Structure formats: C-alpha cells, structure tokens
Amino acid sequence: VQLQASGGGLVQPGGSLRLSCAASGSILSINYMGWYCQAPGKQRELVATITTSGDISYADSVTGRFTISKDNAKNEVYLQMNRLKAEDTAVYYCNLRWFGIRWEEYWGQGTLVTVSS
C-alpha cells in the first residue's frame, strides 16, 4: 500500500490550501483515512479523520476552518484548509488504517504547509 500526498505550499495567513492524498494497493474497503500534522519540535498530532461511512472527527484547533472529505471509489482523501494561521505551519501526513484480522496502518510521505506573510 502506498499513499501519495500533494497540495502543500506557502500561503499567507487567512488564505486557503487543499491537500490531496491518493492511496494505492490492496486496501480494505472499510477503512479510516485522515490527516495528521507535525510542527517543528512537536509530536505528530491528529488534524482530521473520516471513515468509509462518512463519520468525521476534527481536532479542536481546526474545527470550523478545515474540511475533510473522501472519495471511497478512488481511495482518496482531501483536506480543505481555510482561514489558515501561522500555527498551522507543519508537515501534513495522510494516514490510512483498517481492521481486518488486525490493525493495518500506512502513512504518506508528508507535504509541507507554511503559513507566513
């Protein structure tokens, strides 16, 4: 299984970016996909997750500003980031996991989001 993330870049405070992540390989149809971020000197933390059935969870810090969505047929997940703040600056990683006979978990390579004027 491979995950390919894209869409990061430099944006001014208040601006928007859209991240995309495409998963390929042998993937269980019922799964969770999501985004995590890691700022310099900090641990990786949850941004948002979405299940195959559409259940969504957001970190408090992004609720109302970020929107996660998923295309189950394509095994792709997206993160629309609006009203970006300097503190959103981080490497963003997409994540895919499912439970078959055990938990399987995969990570993308990360895409850098820099919010700066």
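Above this note sits the structure.
Here's a quick rundown of the structure. (Residues numbered from 1 in each chain as written. Predicted model: local features only at pLDDT ≥ 70, side-chain atom pairs only at ≥ 80, totals over all residues. Heavy atoms only, no water.)

## So, the state of the cysteines
Item 1. If you walk through the whole model with that rule in mind, you get one disulfide.
Item 2. Considering cysteine sulfurs only, Cys94 is the nearest to Cys37, which forms no disulfide, with 13 Å between them.
Item 3. We classify Cys37 as buried; its relative accessible area is 10%. (Disulfide = S-S within 2.5 Å. Buried < 20%, exposed > 50% of the residue type's maximum accessible area, 1.4 Å probe, protein only.)

## What to know about the side chain of Lys70
Item 1. One can find Lys70 in strand β7 (residues 66-71).
Item 2. Buried within the structure, Lys70 lacks any salt-bridge partner; Asp71 is the closest side chain of opposite charge, at an N-O distance of 8.1 Å.
Item 3. One polar contact links Lys70 to Asn31, side chain to side chain, over a distance of 3.0 Å.
Item 4. Polar side-chain contacts of Lys70 include one of 2.5 Å to the side chain of Asn72.
Item 5. Those residues within four positions of Lys70 in sequence are excluded, and the remaining contacts are Asn31, Met33, Ile50, Thr51, Thr52, Glu76, Val77 and Tyr78. (Helix = DSSP H or I, 4+ residues; strand = E, 2+ residues; numbered from the N terminus. Lys, Arg positive; Asp, Glu negative; His and termini not counted. Salt bridge = Lys/Arg side-chain N within 4 Å of Asp/Glu carboxyl O. Polar contact = N/O pair within 3.5 Å; in protein donor to acceptor, adjacent residues only side chain to side chain. Contact = heavy atoms within 4.5 Å.)

## A word on a nonpolar patch on the surface
Item 1. Taken together, the side chains of Tyr32, Phe99 and Trp103 make up a nonpolar region of the molecular surface, amounting to roughly 330 Å² of accessible area.
Item 2. Locating Tyr32 in the fold gives a position in strand β4 (residues 32-38).
Item 3. Tyr32 sits in the partly exposed class, given a relative accessible area of 31%. (Patch = residues over 30% accessible without salt bridge, like charges linked within 9 Å, V, L, I, M, F, W, Y side chains within 5 Å. Areas by Shrake-Rupley, 256 points an atom, 1.4 Å probe, with all protein chains shown as cover.)

## Quick look at the packing of aromatic side chains
Describing an aromatic ring pair means giving the distance of the ring centres and the angle of the ring planes.
Item 1. Under the defined criterion, the tally for this structure stands at four aromatic pairs.
Item 2. Ring geometry for Tyr32 and Trp103: centres 5.9 Å apart, planes at 50°, overall tilted. Of this pair, Tyr32 sits in strand β4 while Trp103 is found in strand β10 (residues 103-107), placing the two residues 71 residues apart along the sequence.
Item 3. Aromatic side chains Trp98 and Tyr106 sit 5.5 Å apart centroid to centroid with 35° between the ring planes, which places their arrangement in the tilted category.
Item 4. For Tyr106, a relative accessible area of 22% gives the class partly exposed.
Item 5. By the ring-pair criterion, three or more aromatic residues cluster together here, those being Tyr32, Phe99 and Trp103.
Item 6. Positioned over the ring face of Tyr78 is Arg18, at 4.4 Å from the centre of the ring.
Item 7. Lying across the ring of Trp107, Arg44 places its NZ or CZ 4.6 Å from the centre. (Phe/Tyr/Trp six-rings, centres within 6.5 Å; stacked < 30°, edge-to-face > 60°. Lys NZ or Arg CZ within 6 Å of the ring centre and 35° of its normal.)

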